[in-house]
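# Geometric and topological summary
Here's the letter readout for the chains.
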Amino acid sequence: MSKATKFLSLQGNDVPKLLVTAPLFLALGMGEIMGLSAAMSIFNVRYGVEYLPAMYVLEALALLLTSISLLRRPASSANPAKADCSLRSDVGLVLFRNGARPVLEGMGAKE
């Protein structure tokens, strides 16, 4: 264990924290991968692979709009982490309701 602590530059009180957080991050990472796989497979079943390019364009636009809105918001917010999270979810909901669904349905996507 001493070689690992030297390689990771861990101090004595960091090892118990690492033993708790490493399995947690592993489980969260596996959950994220499973969630992304499920979302992609559901999209492919509902709309087919021919609509993937449109989805990637809409995803890029959502990222661009979120980045622009984050850059424009005031830096001295009361709780910046909470403001960022709520802003991202609001932008995502607005884009999905007003952008992705009508575009995909307009292209003749199956229900």
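Residues numbered from 1 in each chain as written. Predicted model: local features only at pLDDT ≥ 70, side-chain atom pairs only at ≥ 80, totals over all residues. Heavy atoms only, no water.

Turning our attention to the overall build of the chain. A count of helices and strands for the chain gives four helices and zero strands. Of all intrachain contacts in the chain linking residues separated by at least 6 positions in sequence, the fraction that spans at least 24 positions is 46%. Surface accessibility of the chain: about 8,700 Å² in total, with carbon and sulfur atoms responsible for 69%. (Helix = DSSP H or I, 4+ residues; strand = E, 2+ residues; numbered from the N terminus. Contact = heavy atoms within 4.5 Å. Areas by Shrake-Rupley, 256 points an atom, 1.4 Å probe, with all protein chains shown as cover.)

A separate point is the environment of Leu-10. Relative to the helices and strands, Leu-10 resides in the loop between α1 (2-7) and α2 (14-47). Relative accessible area serves as the criterion here: at 25%, Leu-10 is assigned to the partly exposed category. (Buried < 20%, exposed > 50% of the residue type's maximum accessible area, 1.4 Å probe, protein only.)

What follows is about the environment of Ser-41. One can find Ser-41 in helix α2. From its side chain, Ser-41 meets the backbone oxygen of Ala-38 in a polar contact 2.9 Å long. (Polar contact = N/O pair within 3.5 Å; in protein donor to acceptor, adjacent residues only side chain to side chain.)

The next thing to look at is the packing of aromatic side chains. Two numbers describe a pair of aromatic rings. These are the distance of the centres and the angle of the planes. Evaluation of the coordinates by the stated rule reveals one aromatic pair. Taking 5.2 Å as the distance between ring centres and 45 degrees as the angle between the ring planes, the aromatic pair formed by Phe-43 and Tyr-47 counts as tilted. Of this pair, Phe-43 and Tyr-47 both sit in helix α2, four residues apart, which is roughly one turn of that helix. As far as burial versus exposure is concerned, Phe-43 and Tyr-47 are alike and both buried. (Phe/Tyr/Trp six-rings, centres within 6.5 Å; stacked < 30°, edge-to-face > 60°.)

Averaged over all residues, the pLDDT of the chain is 76; the fraction at 70 or higher stands at 63%. Within the chain, the element-level pLDDT minimum falls on helix α4 (residues 80-106), averaging 61, and the maximum on α2, averaging 88. (pLDDT = per-residue confidence, 0-100.)

With that settled, the discussion passes to a nonpolar patch on the surface. Nonpolar side chains collect at one region of the surface, where Val-57, Leu-61, Leu-64 and Ile-68 lie side by side and expose about 340 Å² of accessible area between them. Among the secondary structure elements, Val-57 is positioned in helix α3 (residues 52-72). (Patch = residues over 30% accessible without salt bridge, like charges linked within 9 Å, V, L, I, M, F, W, Y side chains within 5 Å. Salt bridge = Lys/Arg side-chain N within 4 Å of Asp/Glu carboxyl O.)

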